[in-house]
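Analysis of the macromolecular model
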Amino acid sequence: MGETKTALITGGSRGIGRAICTRLAKDGINIVFNYRSGEEAANETIRLCEECGVKVLGIRADISNPDECSDLIEKAAEFGDGRIDILVNNAGITRDSLMGRMKNEDFDAVIDVNLKGTFYMMRGVSKLMLRQKYGRIVNLSSVVGIMGNAGQANYAASKAGVIGMTKSLARELASRKITVNAVAPGMIATDMTDAMTDAAKDAVKQSIPFKEIGRPEDVADAVAFFASDNAAYITGQVLCVDGGMAI
Ligand code: NAP
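Predicted, not measured: the structure shown is a model, and the values here were computed from it. (Residues numbered from 1 in each chain as written. Predicted model: local features only at pLDDT ≥ 70, side-chain atom pairs only at ≥ 80, totals over all residues. Heavy atoms only, no water.)

Concerning the site of the ligand
Every one of the 32 residues lining the ligand counts as a neighbour, but S13, S37, N90, Y155 and T190 are closest to it. In this structure, G38 approaches the ligand through a main-chain N or O atom, which is 2.8 Å from an oxygen atom. I63 places a polar main-chain atom, nitrogen or oxygen, 3.0 Å from a nitrogen atom of the ligand. Within the complex, 96% of the 910 Å² of free accessible area of the ligand lies under protein. Residue composition of the shell around the ligand, grouped by class: 13 nonpolar, 14 polar and five charged. (Near = heavy atom within 4 Å. Polar contact = N/O pair within 3.5 Å; in protein donor to acceptor, adjacent residues only side chain to side chain. Areas by Shrake-Rupley, 256 points an atom, 1.4 Å probe, with all protein chains shown as cover. Nonpolar A, V, L, I, M, F, W, Y, C, P; charged D, E, K, R; others polar.)

Section: the sheet that holds strand 2 (residues 30-35)
If you walk across this open sheet you meet the seven strands as 3-2-1-4-5-6-7, and the pairing is parallel. If you trace the sheet from one side to the other, it starts and ends with strand 3 (56-60) and strand 7 (238-241), each paired once. Across the sheet, the mean angle separating the axes of adjacent strands is 15° when strand polarity is ignored. Pairing analysis gives three bridges linking strand 1 (residues 6-9) to strand 4 (residues 86-89), with the strands arranged parallel. Across the sheet, the residue bridging to A7 is I86, located in strand 4. This element, helix 2 (residues 39-50), spans strand 2 and strand 3 of the sheet and lies at about 170° to strand 2. (Pairing = 2+ DSSP bridges. Helix = DSSP H or I, 4+ residues; strand = E, 2+ residues; numbered from the N terminus. Axes fitted to C-alpha atoms, helices over the stretch in contact; angles between N-to-C directions. Contact = heavy atoms within 4.5 Å.)

Here it is as structure tokens:
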């Protein structure tokens, strides 16, 4: 077996990001994650990862800011003794409204975090992965990036963009056997979906062949697969974790 790996997960303080941190920690991987402002939630992620017996570091950083991304990558590499073996771009936001009413700032905010933030992180970490001759990048897209969704033009554009960037970087890094894949969740129970009304949640549930909302752990298992050596020959793929929603 090789040395202990280090993973950097964005938006690891809550929801799917926290489930990914704890899932990778259970695989014995040291964890660095960032969050934007929720320190209390971040401390809980730290506690859960430490319970798995790995080293963990939580850092406050806004991924829509390129300088903060550079700083985050530097600190993560320092923590990993010069290495970041796995990058999971999970941090994301929504600012929903029908297109006719969508404000410029709501469009920009979603693109800045979901698309540009993912770009800043992939650009910085892939350079390090090329030097260390190893890497697994997993990006969080969404079925909305594949199917579209009324009221989420900004979010759909950002998540479709994440798929385009995933496939492009997968092609750029393939000769070095560094893999870049995406996981596209359907509707998962987190704070993000908690903001929906019960009626809206029920309507979505009816559109899911499984008639059930997914759990953050369902998504984390798919991310852990792409991050593992079992997925060494898989790159540029998008795996829907959605109870059949995008069939
Ligand atoms: P969530 O519960 O709202 O958690 C979002 C996480 O991202 C938090 O840790 C948050 O930190 C962090 N974050 C937000 N903006 C940030 C920024 N500018 N810089 C750094 N960190 C930031 O979201 P979730 O439901 O777990 O979703 C995780 C990912 O899955 C997202 O990319 C989302 O688009 C995608 N996804 C979710 C669903 C779903 O149904 N939930 C479906 C499809 C795709 P703070 O706590 O500090 O704000």
